[in-house]
Amino acid sequence: MSGEKRITKFVSKKISKVKWRPPQNRASSQTDVFISGSWDDEDNQVSVWSVAKEEEIAADLDEFGGLLEGEPHRLCHLGLAGSVHDLCFFNYDLILVSSSLGGVTLLKHHSNSQTLSVVLEWKDLHRFHSQAECACTSVAPHGDHFVTVGEDGRLCLVNMEHRTPTAVIDKADSCSINAACMLKRDECATVNSSGQLKVWDLRQSQDVPRASRLFLPSNSASGERCALNCITNHPTQAHIVATGGQDGALSIWDMRQEKFPVTVLSAHASHLWEVVFHPNFPDHLFTCSEDGAAWHWDASRTEATPIFGSKDSVGESFHGSSAKVTESKSPWLTCQAAKNQLEITDLLPGSRMPINSIDIVDCTLLCGTDAEQIICVQDLVVA
Amino acid sequence: MADLDSLQMIGVPGKSCLAYGCQMKWGLGNQLFVFADSSQKPSKDKPSSLGSPEFIHEANWDTDMHTPVARKLVNEAHDIFISLQNNVDTEDKQYQMLKHSAAYRSIIKACVMDIQLALKQCTSEDDRMAFETQLQLFEAVELIWSFCEILYVSVLPAGALISQLQQWMRLHFTESDRLAHEALRGSNPQNAEGYWPAVYGLIFQGRITEALQVLSVHPERDSEHFKLIEQLLRRMPVYAANSGLSIGEFENKWRYWQEECVERLRDGSFMAHPCLEVICQILCGEDEVFAAHSDLLGTWYCLMVARLFYQNPAIKVFDLQYATQFCVDAYGGLSNLQPWDSILLAAVEFDIHQVIRECSSSFGNWWFASHLTDLLQHCGKLESHTLHFGSTLREFLLLEFATSLLSHHSLWQIGILYLDHCSEFGRFYIEEFVERIPIETERKAQKVLKICEERDLQPQIRSICKSMGMRSLHNKHLGAALSWSLRSKDVNFVTFIAEKFLNEYSESGGFIDLEVLDHLGSSMLLSSKLTFLGKYREFHRLYEEREFKAAASLLLALLTAKIAPPRFGMTLLLDALPLLQSESIIFTSEETYELMHCLEEINISRRLKAKKAAKDDAMDEDVDKEKLDLMKLGLARNLARAIVHEGTNFDMF
């Protein structure tokens, strides 16, 4: 299981976020460019990196001299005010960056000249009552819109064409909202620092939109409040959502069911900062934590692995065409029962410094750490 | 360590400081804020600077390790440092120490290479200067580190010491390689200026094979002199630890070989060829020839290694110090030594304290001195006696280094990890620092809290949670403030926030931030104010959900348990009014009596208060009177209905 290769790149900035660029066309799953954002420094920056390929190194020794195969090298960077909290690709070359100053910046990566430039800025989307700066913790794009959330408990819906948000939910939360992700075109899920997951219907934007549904941490009875730090949804089954909490636990939620998480897997020793599903093999999931660990969760061997066209799903299709897809059960929804069949691998044994962000494409996992490293874990076995 | 010559003076720019004199305040760690002392009158002979803008100047020091290249070193080194601390008590300690020392060296080397690369790519002259200074510094660090590793960390048998030193020399002094390379490139290598120096240099470094290669291009290589010298060179005994040769046997072999060289020199075999004669003199270990080539050798320690190799190849570590005098004199004595030369001299003399002292003063950072000291301490080369400040030298240096990290915007996390390994003062430093780390976002707060939790720093956790809570409060974020206060587990603070909620209720007549209030759970019990707040909200929720029976009994419980703040007594009673007036009977007669009792109590306490404060608001009195009457009426009616109801449905109870 330990066939993977690790390459550590020291970048002289603490990394708060790493993100692969989406593949240019849908046919391929390959990409060798990623972006990173730094935090907590006097001058923070967003950088674009490329992973050196063997042929490239051989072809251009001058530029790639001394690089290992698979080692990232920086294409360009841009300084930004404030710490980078979240970043994501809006499309192939447009990047959305949310900052600790409460704004969102749209950057363009010009691959011809290898430069980054600012296209648009939405300042002060998030701001405290006292006018103090307030971090915009997460930005989630969808269609021609994106949603931002912040420590002020506000949720903004912004159209890329407009300089002011199309909708603002001022008191979306009484605590900080730590992360957001889009479930459907008009539905967004947020997690807050008292451990709640809320689903928002963004169509009601004329009126005061309300949280259409509220989900609670499973330990809410004890009053132990445990913040949720991150949220992501299943790449193919939109009703499955994974969150990571302050206590290091991974929770899987089924948006079709009421109120409580379907599965809670206690995992890391400290804050779980990011969770991602593998885009092509969603039975594989990755988490990273403040305790310095990055884990690979493999649920493909649990018994509930869906078999398409099996009797169950055919039977269901009589009741409605949409039921067919949703009824193919995901192993994540049943893994509470099949916990011991879940295979978990620690990808960075011996590492101690917090890992703030991870992202996976193909067989390469990126980790951004507080030890000012970007670690590439290559040749992962997924499938 | 407080040498006077290590004092630094920096002028404060701007006129206002000149006029008023300076004031200063400590910042975080190595940080001072300097500003004009406005409480002072400007001195008469200096012009007043009123009107010019006032500045606060920030002074930082020990910032060497904050450059991008050095930060890489800091981050990589901390990993090795921690791993070293964890391997101190293993069985193969000797091996572990050597392994970690080599790891440190490899990252220093990587750092040197990074700077070389940056130097190649840099365009501005200022940057170039800065990089060049850094490069010199880190090259020296590498040189000294590996020298110390040979002397102190690796325990070498006699014989192996010299070959280790030679290897060290080969790595760091490549002048003869360059000369040889240059000479061999020309068409007539033997006439090149650097040809013979290259040969000597290689022989000085004990690189016989390479020296022979250079010699072999000489046109006279087949002459008798050349054959002879080649023979001597080839037959030189080489000590190898695994050759099965004891050190005594090796020494005998060596002596026998050298006697032959002396013989050849004496019988004038090389008289006709002075250059070859020099080689033979080197092989014989003649002092004059080493002194004469001091320029070629470059430094006293290269001279020492070369000379010892031909004079005493089986020397032991502790005997090295007796060989230094000659070498230092060859370069003009002690006074002519460069700072790095004298560090190595102190190292050879086993004066480790002097080594560390000079390292601390000649390098602008604590990184080198602290890591080297730590390693040497674990190797047992440094007595761990307590210095006057209360701990060992190792701890002193680690504290200084950690302080320089904690003064940095973003390296503080690593600084904390170093402090963990300072047994005496580390915890105290951490306690002082964590409370002062500027916290801009919640995520950073979480990280700082995690550090506190791991080290069980309860007072610090409380204080950080409280300041985060106050921040939320100022931002009118009551829900978040309550969450923080609950995390701080500070009863007074929780009560304070609960009070804010109740005030908000009194003012607006509604609760805010319901998600937090509705899910308090058992944390509600932390403060009685909060319990009341939570329960009262629960009453409202039950009422909204039309669970009147449950709402009523909760309300009664709140009234009778007396956890409600006095000013809420009347509010609670009035909340009962709609329940009393509802169509179905909610309060039993028993419960109604209790309510009446509560009403009476409130009434009495009000009257007492009214007497004390004679000037009471007449208006207020009227309103309250009205409410009271209404309440009384409601209670009386309900009582009547309840008694009738209970009487008629007696068998149901």
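As recorded by an unreviewed UniProt entry, chain B carries the name Nuclear pore complex protein Nup85 and is attributed to Capitella teleta. Under Subcellular location (unreviewed entry), UniProt gives the following word-for-word description of chain B: "Nucleus, Nuclear pore complex".

Database annotation for chain A, UniProt heading Subcellular location (unreviewed entry): "Nucleus".

**A few points about the side chain of H218 of chain B**
Within the secondary structure, H218 of chain B sits in the loop between α8 (208-215) and α9 (224-234). Those residues in contact with H218 of chain B that lie beyond four places of it in its chain are Q190, Y195, W196 and F226 of chain B.

**Re the confidence of the model for chain A**
Summing up the model confidence of chain A, the mean pLDDT is 84 and the portion of residues at 70 or higher is 84%. Every residue in residues 305-327 of chain A scores below 50 in pLDDT, and together they form 15 contacts with partners more than four places removed in sequence or on other chains.

**Focus: the packing of helix α17 (residues 352-362) of chain B against helix α18 (residues 367-378) of chain B**
All names here are of chain B. For the pair α17 and α18, the least separation of the axes is 9 Å and the interaxial angle reads 160°. With respect to α18, the axis of α17 lies roughly antiparallel. For the crossing formed where α17 meets α18, the hand is right-handed. Counted together, I352, V355, I356, C359 and S360 of α17 and F368, A369, L372, T373 and L376 of α18 form the full contact between these two elements. Partitioning the contact of α17 with α18 into residue classes produces eight nonpolar, two polar and no charged.

**A few points about the interface of chain A and chain B**
Many descriptions give the size of an interface as the accessible area lost when the pieces come together. Each side of the interface is counted separately: chain A has 50 residues, and chain B has 45 residues. Between chain A and chain B, a total of about 3900 Å² is buried, with carbon and sulfur atoms accounting for 48% of that surface. Ranking the residues of chain A by area buried against chain B places F10, S174 and R225 of chain A at the top, with a combined share of 16%. Scanning the region where chain A abuts chain B turns up seven salt bridges.

**Focus on the confidence of the model for chain B**
For residues with low pLDDT, the predicted coordinates do not support detailed interpretation. When pLDDT is averaged along chain B, the result is 86; 94% of the residues meet or exceed 70. This complex was scored by the predictor with a pTM of 0.87 and an ipTM of 0.90.

**Re a negative patch on the surface**
On the surface, a cluster of negative charge is made up of E54, E55, E56, E69 and D379 of chain A. Overall, E56 of chain A belongs to the partly exposed group, its relative accessible area being 30%.

**Examining the nonpolar core**
All names here are of chain B. Formed by 152 residues in total, the largest nonpolar core has its most connected members in I279, L283, W300, Y310 and W367. Ranked by residue count, the leading element in this core is helix α4 (residues 125-153), at 15 residues. Both domain 2 (66-156 + 362-395) and domain 3 (167-315) contribute no fewer than three residues apiece to this core. Not counting residues up to four positions away in its chain, the partners in contact with W300 are T324, C327, V328, Y331, L337, D341, L344, L345 and V348.

**A closer look at the sheet that holds strand β1 (residues 5-10) of chain A**
All names here are of chain A. Taken in spatial order, the four strands of this open sheet run β1-β28-β27-β26, and their pairing is antiparallel. Each edge of the open sheet carries a strand with a single partner, namely β1 and β26 (355-361). Neighbour-to-neighbour, the strand axes of this sheet turn through a mean angle of 15°, independent of strand direction. By the bridge criterion, six bridges tie β1 to strand β28 (residues 373-378) in an arrangement that is antiparallel. Bridge assignment links T8 to a residue of β28, and that residue is I375.

**Topic: the packing of aromatic side chains**
Here the distance between the centres and the angle between the planes together describe a pair of aromatic rings. Evaluation of the coordinates by the stated rule reveals 38 aromatic pairs over all chains. Aromatic pair W145 of chain B and F368 of chain B: ring centres 5.9 Å apart, planes at 45°, arrangement tilted. With W145 of chain B in helix α4 and F368 of chain B in helix α18, this pair connects stretches of sequence that are 223 residues apart. Comparing W145 of chain B with F368 of chain B shows no difference in burial state: the two are buried. Aromatic rings pair up to connect Y505, F511, F532, Y536, F539, Y543, F548 and F568 of chain B into one cluster. The ring of F326 of chain B has R307 of chain B sitting right over it, with the charged end atom 4.0 Å from the ring centre. Cation over ring: R443 of chain B sits above W273 of chain A, and NZ or CZ is 5.9 Å from the ring centre.

**A few points about the pairing of strand β2 (residues 31-36) of chain B**
All names here are of chain B. Two elements, strand β1 (residues 22-26) and β2, share five bridges in a ladder whose sense is antiparallel. In the strand pairing of β2, Q23 is matched with F35. A loop of four residues connects β1 with β2, the two strands running antiparallel in sequence, and G29 in this loop sits at a positive phi of about 70°. Relative to strand β3 (residues 56-60), β2 is paired through five bridges, and the arrangement is antiparallel.

**Topic: the pairing of strand β14 (residues 177-184) of chain A**
Residues and elements named next belong to chain A. Counting buried positions over the eight residues of β14 gives seven, a clear majority of the element. Sheet analysis places β14 next to strand β15 (residues 187-192), joined by six bridges and oriented antiparallel. Within β15, the position partnered with M182 by the bridge is C188. Two successive antiparallel strands, β14 and β15, enclose a turn made up of two residues.

**Focus: the packing of helix α6 (residues 175-185) of chain B against helix α7 (residues 195-204) of chain B**
Residue and element names in this part refer to chain B. Packing of α6 against α7 brings their axes to within 8 Å, and their N-to-C directions diverge by 140°. The angle between α6 and α7 places the two elements in the oblique class. By crossing handedness, the relation of α6 to α7 is classed as left-handed. Contact residues: α6 offers S176, L179, A180 and A183, while α7 offers Y195, P197, A198, G201 and L202. Grouping the amino acids of the contact of α6 with α7 by side-chain chemistry returns seven nonpolar, two polar and no charged.

What counts and how
Residues numbered from 1 in each chain as written. Chains lettered and ligands numbered in written order. Predicted model: local features only at pLDDT ≥ 70, side-chain atom pairs only at ≥ 80, totals over all residues. Heavy atoms only, no water. UniProt positions renumbered as here; feature names shortened; annotations may be inferred. Helix = DSSP H or I, 4+ residues; strand = E, 2+ residues; numbered from the N terminus. Contact = heavy atoms within 4.5 Å. pLDDT = per-residue confidence, 0-100. Axes fitted to C-alpha atoms, helices over the stretch in contact; angles between N-to-C directions. Parallel < 35°, antiparallel > 145°, perpendicular 65-115°, else oblique. Left-handed = near helix turned anticlockwise from the far one by under 90°. Nonpolar A, V, L, I, M, F, W, Y, C, P; charged D, E, K, R; others polar. Buried area = accessible area lost by both parts, 1.4 Å probe. Salt bridge = Lys/Arg side-chain N within 4 Å of Asp/Glu carboxyl O. Patch = residues over 30% accessible without salt bridge, like charges linked within 9 Å, V, L, I, M, F, W, Y side chains within 5 Å. Areas by Shrake-Rupley, 256 points an atom, 1.4 Å probe, with all protein chains shown as cover. Lys, Arg positive; Asp, Glu negative; His and termini not counted. Charge placed at Lys NZ, Arg CZ, Asp CG, Glu CD. Buried < 20%, exposed > 50% of the residue type's maximum accessible area, 1.4 Å probe, protein only. Core = buried A, V, L, I, M, F, W, Y, C linked by side-chain atoms within 4.5 Å. Domains from an automatic or database assignment. Pairing = 2+ DSSP bridges. Phe/Tyr/Trp six-rings, centres within 6.5 Å; stacked < 30°, edge-to-face > 60°. Lys NZ or Arg CZ within 6 Å of the ring centre and 35° of its normal.

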